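Topology and contacts: notes
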Amino acid sequence: MLWLKAFHIVFVVTWFAGLFYLPRLFVHHAEATEPAVHARLAVMERRLLVMTHIGGVLAIAFGLLTLWQVPGWLAAGWMHAKLALVLALVVYHLQLVRMVRRFAAGANRWSSRALRLFNELPALALIAIVILVVVKPF
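Residues numbered from 1 in each chain as written. Predicted model: local features only at pLDDT ≥ 70, side-chain atom pairs only at ≥ 80, totals over all residues. Heavy atoms only, no water.

Some remarks on unusual backbone geometry
Convention followed: Helix and strand assignments follow DSSP, with helices taken as H or I runs no shorter than four residues and strands as E runs no shorter than two, numbered in order from the N terminus. Remark: exposure states derive from per-residue accessible area (1.4 Å probe, protein chains only) relative to the maximum for the residue type, with buried under 20%, exposed over 50%, and partly exposed in between.
Positioned with a positive phi, Lys 136 is a non-glycine residue whose angle comes to about 50°. Within the secondary structure, Lys 136 sits in the segment after helix H5 (121-135). By relative accessible area, which is 39% here, Lys 136 ends up partly exposed.

Examining the packing of aromatic side chains
Put simply, the test is: Side-chain rings of Phe, Tyr and Trp (the six-membered ring for Trp) are treated as a pair once their centres are within 6.5 Å; stacked means planes under 30 degrees apart, edge-to-face means over 60, and tilted covers the remaining angles. Either the NZ atom of lysine or the CZ atom of arginine qualifies as a charge over a ring when it sits within 6 Å of the ring centre and within 35 degrees of the ring normal.
Within this structure, the stated rule accounts for ten aromatic pairs. Ring centres 5.6 Å apart and planes at 55° place the aromatic pair Phe 16 and Phe 20 in the tilted group. Taken as a pair, Phe 16 and Phe 20 lie in helix H1 (residues 2-31) at a separation of four residues, close to a single helical turn. A relative accessible area of 5% places Phe 16 in the buried class. An aromatic cluster is defined as three or more aromatic residues linked by ring pairs; in this entry it consists of Trp 3, Phe 7, Phe 11 and Phe 62. We note Lys 136 situated over the ring of Trp 78; from NZ or CZ to the ring centre the distance is 4.7 Å.

Considerations on the nonpolar core
Put simply, the test is: The definition of a nonpolar core used throughout is a set of buried Ala, Val, Leu, Ile, Met, Phe, Trp, Tyr and Cys residues joined through side-chain atoms within 4.5 Å.
Judged by nonpolar contacts, the single largest core of 27 residues is most densely connected at Leu 19, Leu 22, Phe 26, Leu 89, Leu 96, Met 99 and Leu 115. Elements that contribute at least two residues to this core include exactly H1, helix H2 (35-69), helix H3 (77-104), helix H4 (112-118) and H5. For this core, the element with the most residues is H1, which contributes nine residues. Leu 67, Ala 76, Trp 78 and Leu 132 belong to the second largest nonpolar core, which has five residues in total.

Thoughts on the packing of H3 against H5
Note the threshold: Axis definition: a line fitted to C-alpha atoms, over the contacting stretch in the case of helices. Angles run 0 to 180 degrees between N-to-C directions. Roughly parallel covers angles under 35 degrees, roughly antiparallel covers those over 145, roughly perpendicular covers 65 to 115, and oblique covers all other angles. For a crossing to be left-handed, the near helix must be turned anticlockwise from the far one by less than a right angle; the clockwise case is right-handed. In this analysis, two residues are considered to be in contact whenever any of their non-hydrogen atoms come within 4.5 Å of each other. For this scheme, ten residues count as nonpolar: Ala, Val, Leu, Ile, Met, Phe, Trp, Tyr, Cys and Pro. Four count as charged, namely Asp, Glu, Lys and Arg, and the remainder, Gly too, count as polar.
Interhelical geometry of H3 versus H5 gives an angle of 160° and a closest axis separation of 9 Å. Put simply, H3 runs roughly antiparallel to H5. By crossing handedness, the relation of H3 to H5 is classed as left-handed. Mapping the contact onto sequence places Trp 78, Ala 81, Lys 82, Leu 85, Val 86, Leu 89 and Tyr 92 in H3 and Leu 121, Pro 122, Ala 125, Ala 128, Ile 129, Leu 132 and Val 133 in H5. Residues of the contact of H3 with H5, tallied by class, amount to 13 nonpolar, no polar and one charged.

In short, shape yes, function no, at least from these values alone.
Written out as structure tokens, the structure is:
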């Protein structure tokens, strides 16, 4: 059980590294004016997205394995809230996939300011998830 939780945490960190850094690359991409910079950032974004996929899939897999070991957690309100936030993060991740494709095609519609705000969403989710898991308020 402790091994499952440990690997879950490791891959959550990996997933969040991508969720945090990819939108920062988008900010730079949106502000870039040189074609060579656009091309370089598109490659970086695509490669980071692959690592973000791996972290996300393994974080969710180890989380589900942990829940399989302790199914009683599924009756807890804090777990319902955590799973809702994880679902929101999956939707956020899917939006990142769309954005990587649009930036690569030169079809970005986001301003750098909007991207900076968008970048804060996973941080808010992370804070809420950590509080839910550690404090278990309900």
